[in-house]
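What follows is the residue order along each chain.
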Amino acid sequence: QLSLLHCAQRMFASQTEGELKVTQILKEKFPQATAIKVTDISGGCGAMYEIQIESEEFKEKRTVQQHQMVNQ
């Protein structure tokens, strides 16, 4: 029950410091992006993030190329 409560609280909480930092870096790297969403999926410790970016820069690029662009 505790983890369910934590998940519910996390859904309505504002972004963590790590999420904000990664979002800012991605906004600088992809200034033409129309949407950037960063979610800490490691329980709040910052070990793993789910990242969603919508940008023309990814058009006609293979998935592996898109991942390389983000990881750089």
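The structure under discussion appears in the preceding block.
Each value, and the rule that gives it
- Residues numbered from 1 in each chain as written.
- Predicted model: local features only at pLDDT ≥ 70, side-chain atom pairs only at ≥ 80, totals over all residues.
- Heavy atoms only, no water.
- Core = buried A, V, L, I, M, F, W, Y, C linked by side-chain atoms within 4.5 Å.
- Buried < 20%, exposed > 50% of the residue type's maximum accessible area, 1.4 Å probe, protein only.
- Contact = heavy atoms within 4.5 Å.
- 1 Å grid on protein atoms, 1.4 Å probe; cavity = no way out; pocket = protein on both sides within 12 Å on 5 of 7 lines; lining within 4 Å.
- Points joined across faces, edges and corners; volume = space filled by probe spheres on them.
- Nonpolar A, V, L, I, M, F, W, Y, C, P; charged D, E, K, R; others polar.
- Phe/Tyr/Trp six-rings, centres within 6.5 Å; stacked < 30°, edge-to-face > 60°.
- Helix = DSSP H or I, 4+ residues; strand = E, 2+ residues; numbered from the N terminus.

**As for the nonpolar core**
Inference 1: By size, the foremost hydrophobic cluster in this structure holds seven residues: Val 22, Leu 26, Phe 30, Val 38, Ile 53, Phe 58 and Met 69.
Inference 2: In contact with Val 38, other than residues within four places in its own chain, are Gln 15, Glu 19, Val 22, Thr 23, Leu 26, Tyr 49, Glu 50 and Ile 51.

**Some points on the layout of surface pockets**
Inference 1: If you add up the space inside the largest pocket, you get close to 290 Å³.
Inference 2: Lining the largest pocket are 13 residues, and of these Leu 26, Ile 51, Ile 53, Val 70 and Asn 71 sit closest to its centre.
Inference 3: Broken down by class, the residue content of the lining of the largest pocket amounts to eight nonpolar, four polar and one charged.

**Thoughts on the packing of aromatic side chains**
Inference 1: Counted according to the given criterion, the structure contains one aromatic pair.
Inference 2: Residues Phe 30 and Phe 58 carry aromatic rings whose centres are separated by 5.2 Å and whose planes lie at 40° to one another, so their mutual orientation is tilted. With a gap of 28 residues between them, Phe 30 in the loop between α2 (17-29) and β1 (35-40) and Phe 58 in the loop between β2 (49-54) and α3 (63-71) connect regions that are remote in the sequence. One exposure class covers both Phe 30 and Phe 58, and it is buried.

**Things to note about the environment of Ala 35**
Inference 1: Structurally, Ala 35 can be placed in strand β1.
Inference 2: Residue classification places Ala 35 among the partly exposed residues on the basis of a relative accessible area of 30%.
Inference 3: Ala 35 sits 20 residues away from Ser 55 along the chain, and the two C-alpha atoms are 7.3 Å apart.
Inference 4: With sequence-adjacent residues up to four places away left out, Ala 35 is seen in contact with Gln 52, Ile 53 and Glu 54.

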